[in-house]
Structure formats: C-alpha cells, structure tokens
Amino acid sequence: MIRVEHLTKVFDDKVVLEDITCTFEKGKTNLIIGQSGSGKTVLLKSIVGLIEPTEGDVYYGDVNFTRLSFTEKKDIRKKIGMLFQGAALFDSATVEENVMFPLHMFTDMSDEEKRERANFCLKRVNVVNANHLYPAEISGGMKKRVALARAIVLNPDYLFCDEPNSGLDPQTSILIDQLIKEITEEFQTVTIVNTHDMNSVMGIGEKILFIHEGRKVWEGNNKEILSSDNEILNKFVFANQMAMELKKARGNK
Amino acid sequence: MWAMGNLLYQLGSYILLLGKVFSKPEKKRIYYRQFLQELNNIGISSLGIVLIISLFMGSVVTLQTAYNTESPFLPKYLIGLGCRDSMILEFSSTMIALFMAGKAGSNIASELGTMRITEQIDALEIMGINSASFLILPKIVASLFFFPLLTIISIITGIFGGWLSVVVTGVIPVPDFNYGLQYAFNPFFVTYTLIKSTIFAFIISSISSYYGYTVEGGALEVGRASTKAVVYSSINVLLFNVILTQLLLS
Ligand SMILES: Nc1ncnc2c1ncn2[C@@H]1O[C@H](COP(=O)(O)OP(=O)(O)OP(=O)(O)O)[C@@H](O)[C@H]1O
Ligand SMILES: [Mg+2]
C-alpha cells in the first residue's frame, strides 16, 4: 500500500499540489484523473521521489519514502516499474535492448533468458517484429507500449503509468488497460495510473482520485463516479460524450 | 556580485555532481560496455578530423617558420626543431583540446541534455540507478583514455605534415629538416603535453556533462547548454594551459 499524507508542492510561487492525502491499495488499479495541468504528473513524480515535495510524506507500506536517503530509496526503486508520459525510451538502444535493460542491470540471467523475457513482455503489449528498431523509428503509441513492457519486465511491486493510452487508438487503449489490470491482479502490485480518458476510468477504475487545480476534489470508484453530485467532477466526466451516453443508458434501465 | 554568486553556485553543483559520478559503480560489466561505446563516440569518431587538422597545421607551421626566418645567420635545421616542438608543446594538446571542446563537448552536452528533457534520466533514476555515474563516468574515463592517444597521433601526423611540406615545396633541404627534428630533443616535453591532454580531457568531459545533465526546460535549453559547454570548456582549457605550463615548465 502507498499512503500520501498532506502532500503539497510549490514551484517558485505557484502551488501545484495542495494538501493531498490519499491511499493506493495493492492489487487494485488506482486512477488519478483530472484535467490537463491539474497536477497528475507532479503528484505521480512526487510519489516516486523524482520531485521533492514541499511538504508532506509518502509512505511505501510503513516506510516513509520521502525521508529516505538516495541509497535507501534505491532499494524501493528497484521494485518500481514506471511508464512516463513521454515514454522515455533510451534513444540509443533498440526496442529489445530497452526492454532488456532492467534485466541487464538487476538480474544475473543469461542473455538468452533475458531476450526471452523481453520478448514475452513485448508480446503482452502487442509489439511484434519491432525488436531491432530504434525509438525514433516507431510510432508514439508503440513507444508507450514498449515503455510499458520495460516497466513490467522485472515484475515490479509498484507500477506507475502516466497516461498509458494517450495517443493510442481505442482498441489498443483497451488492450493496454486490460493488461495493466491483469498484471495488477496477477502480481498484486500497487498500481497507479494517471489518465484523463473516460474509457479507462469506466473500464478499470477500481479506485479513482479526482484532482482539480492541485486539490483532491473527489474519491471513489467507477460505479460511483456517474452518480456523483460534485459539480467539478461532473463537468469533467460529462465533457466526454461517451460517458454521457452511458449515463443515459443507465437512466433508462 | 550576482555573477560571482552564480559562478560559485555553479562550481558547487559541479562538484556535487562529480561526487555522484565517482561513487561506486553498480554493475561493472555494463559500465565496461558503456565505456567502449563512449570510446567510439568521443574518440574514434574524431580521429579522421584530428588527422587532417594536424597534417595541415604541421605543414603551415613549418612553412611559416621557414619563410619568416630566411636569414643566413639562422641554421636551417631550426625549422625542423620548431615544427617538432610547437606540435609537441602546444598544438597537439591545447589546439586539439580546443577542437575537442567544440566537437565532443557539444556532443556530450546535447546528448545528456536531450536525455534529461525527454525523461530518460528520470527513467534511470526510477530504476534505482545512479544516473550521473552511469552516464557520465564512462564519458570521462573514455576521454581520459583517448585524449592522450589523440595527442600522440596528432604529434606524429603534424610532424609528418611539416616534413611533407618541406619535401613538396623544397623550402629547405630535407636533410636539414630531418636533422632539426632530432636536434636537442627533450623527452619531458612529451610528458608535459600528455599531462596537459589528460587534464584537458577531464575538464572537457566533466564540464560538458555538467551542463548537459543539469538542463531544465526544452530543446532550446539543450542548445544553450551545448553552447555553454563549449565556451566554459574552452576557457578552462586555456586557463589550465597557463597554470600547467607555469607548474611544469618553470
Ligand atoms: N518543473 C516545474 N516547474 C514549474 N511548474 C511546473 C513544473 N512541472 C509542472 N509544473 C506545473 O504544474 C502544473 C501541473 O502539471 P502536471 O504536469 O502535473 O499536469 P498534468 O495533470 O499531468 O497534465 P497533463 O494531463 O497535461 O499531463 C502545471 O500548471 C505545470 O505548469
Ligand atoms: Mg501529465
């Protein structure tokens, strides 16, 4: 379980996150949703320690991660798989090498085993016949998927995905969402997904945190989200036609 | 006052970064692979151009000395000596270092800067890897290894260039030139130039890495960092050239 307590982040004079408190459970897909610029990425990066919170703490289990030294953080980080919003694949390495990289760094597998494991993960994210291409040679959506393969290659305890399916077609999006859910259940990971895609929200939102202008506005799950009477949340949700239809359909039952 | 403070701040964070770079490597074998790659990026790719520059500089230095000393009182062999010593003492370490500050320096800074702004460095950090050490150490070690080698190669090529220009133009008799090449040779000059090039290697690779690694923002800032890397590397090369010369030759 990951616990965020009273987290505040101020850049220069700009308050980007304000007093966020929440928990993310094991074996469930936890979503952070909100408009573009609401602070989702900053929150996720604060949770993994890439951004130093101005105030507040992040607990991994009972360990106060924020207070750990660089070396102590390392032990937790080895159990983290993260998919960045821009994929962050290594430009100088091929698709296959990118996915094999964590294996090189942290396992004693033979090259054959590493390749096998990497290809297994690549297949899971539906990337085939691209092993020897460089990131510059594949599409944006494909980069995301390769990055997801890299994030799960070590069977992490914590899986963080920053907009895993922005830039993907609806079909692939669903596939990626399902994959994230599967992995979460199979390996009982603590999974946090940033998204503003209502399809994902309805599809895999077992626990949802809605943030608006850096503040937590609503918390719940995909069953409750459509019937919430929070105005800001409704604006966000029903800006999406798809969700509107869903609500109608529900109303007609 | 502000500029001074800024300079001190940069020096401080440069030293802190070096502290991170020189902490214990996690997986030696991977570092070795990175090192070989950097050897190629930084060193081998510069070999051709260094050969060409050295060849031309060697010949132009020789011709200029020859045409400026057409005096019956000066022995002709001094031209050979002049070519040899100017290559060894100054050209093959300092000039090549300045050239490498432009080529390798901007290359290092833009590579690291791009990795920074596209979150590749964050991706390494998140895996629990010391990204500074992982990315920068191989660059520094490869430079320390290759710069002295480039210097030796440049000396040999430069002297050959000088010799060739004498052969082609006949400005002085070739035997005189050859005699000058061997006249009053001081082996310490070679040691001196190798010490210089090693220190220049460190200056260029570490300063350029610093500016690249600490980029914040976007592509524009990467370009700026790359320029800064070249400027500050060059200034420091020239500064340390003076300091080292005073220390080693006085
Ligand atoms: N390093 C930084 N320095 C200053 N301000 C920042 C920095 N990083 C983010 N911000 C600001 O924080 C706010 C939240 O940004 P964030 O990237 O978290 O949004 P987001 O919810 O992830 O949006 P999107 O859905 O577009 O990815 C933005 O207003 C942004 O300008
Ligand atoms: Mg974001």
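For the structure itself, consult the block above.
Residues numbered from 1 in each chain as written. Chains lettered and ligands numbered in written order. Predicted model: local features only at pLDDT ≥ 70, side-chain atom pairs only at ≥ 80, totals over all residues. Heavy atoms only, no water.

(A) The arrangement of the overall build of chain A in detail. Counting its regular elements, chain A contains 9 helices and 10 strands. Computed over its C-alpha atoms, the radius of gyration of chain A comes to 18 Å, within 12% of the 18 Å expected for a compact globule of 253 residues. Here the C-alpha coordinates of chain A stretch approximately 55 × 45 × 35 Å along the principal axes. Looking at chain A as a whole, 55% of its 253 residues qualify as buried. (Helix = DSSP H or I, 4+ residues; strand = E, 2+ residues; numbered from the N terminus. Rg over C-alpha atoms; globule rule 2.2 N^0.38 Å. Buried < 20%, exposed > 50% of the residue type's maximum accessible area, 1.4 Å probe, protein only.)

(B) Highlighting the nonpolar core. If you look at the biggest cluster of nonpolar residues, it comprises 96 residues, and the most contacted ones within it are A:Ile2, A:Phe24, A:Ile47, A:Tyr60 and A:Phe160. Here this core takes 14 residues from helix 3 (residues 78-117) of chain B, the largest share from any one element. Leave out the neighbours within four places in its chain, and A:Phe160 touches A:Ile2, A:Leu44, A:Ile47, A:Val48, A:Tyr60, A:Ile80, A:Gly81, A:Met82, A:Leu83 and A:Ile192. (Core = buried A, V, L, I, M, F, W, Y, C linked by side-chain atoms within 4.5 Å. Contact = heavy atoms within 4.5 Å.)

(C) Structural context of the pairing of strand 8 (residues 190-195) of chain A. Residue and element names in this part refer to chain A. Here strand 8 lies mainly inside the structure; 6 of its 6 residues are buried. Side chains of strand 8 alternate between two faces, with Val190, Ile192 and Asn194 and Thr191, Val193 and Thr195 buried alike. Across 5 bridges, the pairing between strand 3 (residues 29-33) and strand 8 is parallel. Across the sheet, the residue bridging to Leu31 is Val193, located in strand 8. Here strand 7 (residues 158-162) runs beside strand 8; their pairing, made up of 5 bridges, is parallel. Looking at the pairing, Cys161 lines up with Val193 of strand 8. Handedness of the crossover is the feature at issue here: the chain leaves strand 7, passes through helix 6 (residues 170-187), returns alongside strand 8, and the resulting connection is right-handed. (Pairing = 2+ DSSP bridges. Right-handed = clockwise from strand over helix to strand, strands pointing away.)

(D) Focus on the coordination of the magnesium ion (ligand 2). All names here are of chain A. Bound to the magnesium ion (ligand 2) are the protein donor atoms Thr41 (OG1) and Gln85 (OE1), situated 1.9 to 2.2 Å from the metal. Taken together, the residues Thr41 in helix 1 (residues 40-48) and Gln85 in the loop between strand 6 (80-83) and helix 3 (95-106) connect sequence positions 44 residues apart. Accessibility expressed as a relative area gives 23% for Thr41, which makes it partly exposed. (Donors = N, O, S within 2.8 Å, 3.2 Å for Na, K, Ca; no water.)

(E) Just the packing of helix 2 (residues 28-68) of chain B against helix 3 of chain B, in detail. Residues and elements named next belong to chain B. Where helix 2 meets helix 3, the axes come as close as 8 Å, and the angle between the chain directions of the two elements is 145 degrees. The element helix 2 and its partner helix 3 pack so that their crossing is right-handed. Residue composition of the contact of helix 2 with helix 3, grouped by class: 17 nonpolar, 8 polar and 3 charged. (Axes fitted to C-alpha atoms, helices over the stretch in contact; angles between N-to-C directions. Left-handed = near helix turned anticlockwise from the far one by under 90°. Nonpolar A, V, L, I, M, F, W, Y, C, P; charged D, E, K, R; others polar.)

(F) View of the sheet that holds strand 1 (residues 2-11) of chain A. Residues and elements named next belong to chain A. Taking strand neighbours across the sheet as the criterion, the 4 strands line up as 2-1-4-5 in an open arrangement whose pairing is antiparallel. In the strand order of this sheet, the two ends are held by strand 2 (14-24) and strand 5 (63-64), each with one partner. Here 5 bridges tie strand 1 to strand 4 (residues 55-60), and the two strands are oriented antiparallel to one another. Considered in strand 4, the bridge of Glu5 is made with Asp57.

(G) Main features of the interface of chain A and chain B. Taken residue by residue, the interface counts 25 residues in chain A and 21 residues in chain B. For the pair chain A and chain B, the number of links is 3 residue pairs in polar contact (both at pLDDT 80 or more). Broken down by secondary-structure element, the contributors of at least two residues to the side of chain A that touches chain B are helix 1, helix 2 (70-77), strand 6 and helix 3 of chain A. For the side of chain A that touches chain B, the leading source of residues is helix 3 of chain A, giving 5 residues. For the side of chain A that touches chain B, a count of residues per class yields 13 nonpolar, 4 polar and 8 charged. (Polar contact = N/O pair within 3.5 Å; in protein donor to acceptor, adjacent residues only side chain to side chain.)

(H) The arrangement of the site of ligand 1 in detail. Residues and elements named next belong to chain A. Around ligand 1, a shell composed of 14 residues is seen, among which Lys14, Ser36, Gly37, Thr41 and Gln85 lie nearest. Contact between ligand 1 and Gly37: an oxygen atom at 2.8 Å from a main-chain N or O atom of the residue. Take Gln85: an N or O atom from its side chain is 2.8 Å from an oxygen atom of ligand 1. Coverage of ligand 1 by the protein chains reaches 64% of its 630 Å² of free accessible surface. Contributing elements (two or more residues each) for the shell around ligand 1: strand 2 and helix 1. The residue inventory of the shell around ligand 1, partitioned by class, reads 3 nonpolar, 8 polar and 3 charged. (Near = heavy atom within 4 Å. Areas by Shrake-Rupley, 256 points an atom, 1.4 Å probe, with all protein chains shown as cover.)

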